[in-house]
Amino acid sequence: MGEHIRMDAPVRDVGWKKLEFGIRESIIQRVGKIFELSDYKNDMDLRCIIDKKCGVLYRNWKNKLHAHYKRIKKEMPNPKSHPLYPCKSDDWTFMIKKVWTKKAFKEINETRQQSFSERFKDTHIRNRHANQEYEVWINDKVKEHYDTIVAKIDEQSQPNVINPRSEQEIFVEVLGKITGYLKGYGIHMNTRATKSQRVLNSEVITLKQVVDDQAKVVMEQAKLIADYKINMENMMFMATKCGVDPATIPRFTSNDKDEADTLI
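Model, not experiment: these values are computed from the prediction. Counting from 1, residues in each chain are numbered in the order their sequence is written. Two thresholds apply to this predicted model, a pLDDT of at least 70 for residue-level local features and 80 or more for giving and counting side-chain atom pairs, whereas whole-chain, interface and lining totals are computed over all residues. Computation of side-chain values covers all heavy atoms of the structure but excludes hydrogens and water.

### What to know about the packing of helix 7 (residues 140–155) against helix 8 (residues 167–175)
Right, so step 1: For the pair helix 7 and helix 8, interaxial distance at closest approach is 10 Å and the crossing angle is 140 degrees. The angle between helix 7 and helix 8 places the two elements in the oblique class. Relative to helix 8, helix 7 is oriented so that their crossing is right-handed. Packed against helix 7, whose contacting residues are His145, Thr148, Ile149, Lys152 and Ile153, the element helix 8 presents Glu167, Ile170, Phe171, Glu173, Val174 and Leu175 at the interface.
Right, so step 2: Within the contact of helix 7 with helix 8, the residues separate by chemical class into six nonpolar, two polar and three charged. For helices, the axis comes from a line fit to the C-alpha atoms of the stretch in contact; other axes are also lines fit to C-alpha atoms, and the angle between any two N-to-C directions lies between 0 and 180 degrees. The helix count covers DSSP runs of H or I at least four residues long, the strand count covers runs of E at least two residues long, and both are numbered beginning at the N terminus. Angle categories are assigned with fixed cut-offs, so that under 35 degrees is roughly parallel, over 145 is roughly antiparallel, 65 to 115 is roughly perpendicular, and the rest are oblique. By convention the crossing between two helices is left-handed if the near helix lies anticlockwise of the far one by an angle smaller than a right angle, and right-handed if it lies clockwise. Contacts are assigned to residue pairs with any non-hydrogen atoms lying within 4.5 Å of each other. Each residue gets one of three labels, nonpolar for Ala, Val, Leu, Ile, Met, Phe, Trp, Tyr, Cys and Pro, charged for Asp, Glu, Lys and Arg, and polar for the others, Gly among them.

### Digging into helix 8
An α-helix turns once per 3.6 residues; consequently, residues spaced three or four apart project the same way.
Right, so step 1: Think of it in three bands: with a 1.4 Å probe and only protein chains considered, a residue is buried below 20% of the maximum accessible area for its type, exposed above 50%, and partly exposed in between. Residues of helix 8 that are buried include every one of Ile170, Phe171, Val174 and Leu175, and no others. Along helix 8, the residues classed as buried sweep out an arc of 110 degrees about the axis, all on the same side.
Right, so step 2: Looking at the buried positions of helix 8, the neighbouring elements they touch are helix 6 (116–122) and helix 7.
Right, so step 3: At the exit of helix 8 stands Gly176, carrying a positive phi of roughly 85 degrees. Starting at the helix axis, one direction is taken to each C-beta atom, and the arc is that of these directions.

### Considerations on the packing of helix 3 (residues 44–72) against helix 4 (residues 89–100)
Right, so step 1: Helix 4 packs onto helix 3 with a crossing angle of 80 degrees between their chain directions and a minimal axis gap of 12 Å. Classified by the angle their axes make, helix 3 and helix 4 are roughly perpendicular. Across the interface between the two elements, Lys62, Leu65, His66, His68, Tyr69 and Ile72 from helix 3 touch Trp92, Ile96 and Trp100 from helix 4.

### Looking at the pattern of salt bridges
When charged atoms on two side chains of opposite charge get close, those side chains can pair.
Right, so step 1: One side-chain nitrogen of Lys or Arg within 4 Å of one carboxyl oxygen of Asp or Glu is enough to make a salt bridge. Counted under the stated rule, the structure contains five salt bridges.
Right, so step 2: In this structure, the salt-bridge partner of Asp8 is Arg30, at a minimum N-O distance of 2.4 Å. You can see Asp8 sitting in helix 1 (residues 2–8) and its partner Arg30 sitting in helix 2 (residues 21–35), a full 22 residues away along the chain.
Right, so step 3: Assessed through its relative accessible area of 34%, Asp8 is described here as partly exposed.

### Quick word on unusual backbone geometry
Right, so step 1: For the bond from Tyr85 to Pro86, the omega torsion is 5 degrees, close enough to zero to count as cis.
Right, so step 2: Mapping Pro86 onto the fold places it in the loop between helix 3 and helix 4.

### Some words on the packing of aromatic side chains
Right, so step 1: For Phe, Tyr and Trp, where Trp contributes only its six-membered ring, two rings pair if their centres lie within 6.5 Å, and the inter-plane angle classes them as stacked under 30 degrees, edge-to-face over 60, or tilted in between. Applying the stated criterion to the full structure yields six aromatic pairs.
Right, so step 2: Between the aromatic rings of Trp137 and Tyr146, the centroid separation amounts to 5.0 Å while the plane-to-plane angle is 40 degrees, which identifies the pairing as tilted.
Right, so step 3: Here Tyr146 falls in the buried class, since its relative accessible area comes to 15%.
Right, so step 4: Directly above the aromatic system of Phe94 lies the positively charged group of Arg12, at a separation of 4.4 Å from the ring centroid. Remark: a charge is flagged as sitting over a ring if the NZ atom of Lys or the CZ atom of Arg is within 6 Å of the ring centre and within 35 degrees of the ring normal.

### Details of a positive patch on the surface
Right, so step 1: Taken together, the side chains of Lys70, Lys73, Lys74 and Lys106 define a basic patch exposed on the protein surface.
Right, so step 2: Checked against the element boundaries, Lys106 lands in helix 5 (residues 103–112). The patches reported here contain residues having more than 30% relative accessible area and no salt bridge. Joining distances are 9 Å for like charges and 5 Å for nonpolar side chains (Val, Leu, Ile, Met, Phe, Trp, Tyr). For every accessible area listed, the method is Shrake-Rupley and the probe measures 1.4 Å; residues are considered covered only by the protein chains on display. For the purpose of charge, His is not counted, nor are the chain termini; Lys and Arg are scored as positive and Asp and Glu as negative. One atom stands in for each charge, and that atom is NZ of Lys, CZ of Arg, CG of Asp or CD of Glu.

### Overview of the nonpolar core
Right, so step 1: For the purposes of this section, nonpolar cores are sets of buried Ala, Val, Leu, Ile, Met, Phe, Trp, Tyr and Cys residues that join through side-chain atoms within 4.5 Å. If you look at the biggest cluster of nonpolar residues, it comprises 12 residues: Val11, Trp61, Leu65, Tyr69, Ile72, Cys87, Trp92, Met95, Ile96, Val99, Trp100 and Phe105.
Right, so step 2: When contributions to this core are tallied by element, the ones reaching two or more residues are helix 3 and helix 4.
Right, so step 3: Broken down by element, this core gets its largest block of residues, five residues, from helix 4.
Right, so step 4: When near neighbours in sequence (up to four residues on either side) are disregarded, Tyr69 contacts Pro79, Trp92, Ile96, Trp100 and Thr101.

Right, dumping it as structure tokens:
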């Protein structure tokens, strides 16, 4: 599938689903004949899987082309004449002139290369594009989170740290987590606090304490009942061993009656 996308899909600054419908269908149909796929048009689950896979392959192909361009532009005077096979010359020239050399694309690309901590800081400072002499955070809590994150990241480089954690793991530890898509990194990840991690109000805390207390009482009662049954069984065993009929002992007969009444 990747080979057909590299050979036949035009290279443009759009995602796979925004390419012309006929081009996408033609590529998928050819791949379907090779791998004997089922009915792509009517099987929505299969269609979703294939479209997602094509989107990843198409994006990876464009990333590979851009990496090739960045490498050869430093080595060759005219990078437009050296496209990466099998990219067509027209597509290669288009991406250089209309996309890769544009200021907007360069800014986006630089943002994508930011670390998690740099991006967090960049998106939580007021007037970050202005030439201001000092940083103005949107609130003190965010600044506190940032300082904690930076400190924990620095700790990972210490020689006594055997298994250093990634920035993503540190972010989840400090900020909590919620399933979401982090634009620019191309991955699904957990970045913010879930509802279960948010601060509970006083009423919920009180109810939770009541439930916990009741659970403890139930467990204690269950233990007492279990101990009582064990003691009664031991007493019956000793009575039988001594030749005494348990039915003649008032405590046993009254206990059996009470138990029968409880079961009714």
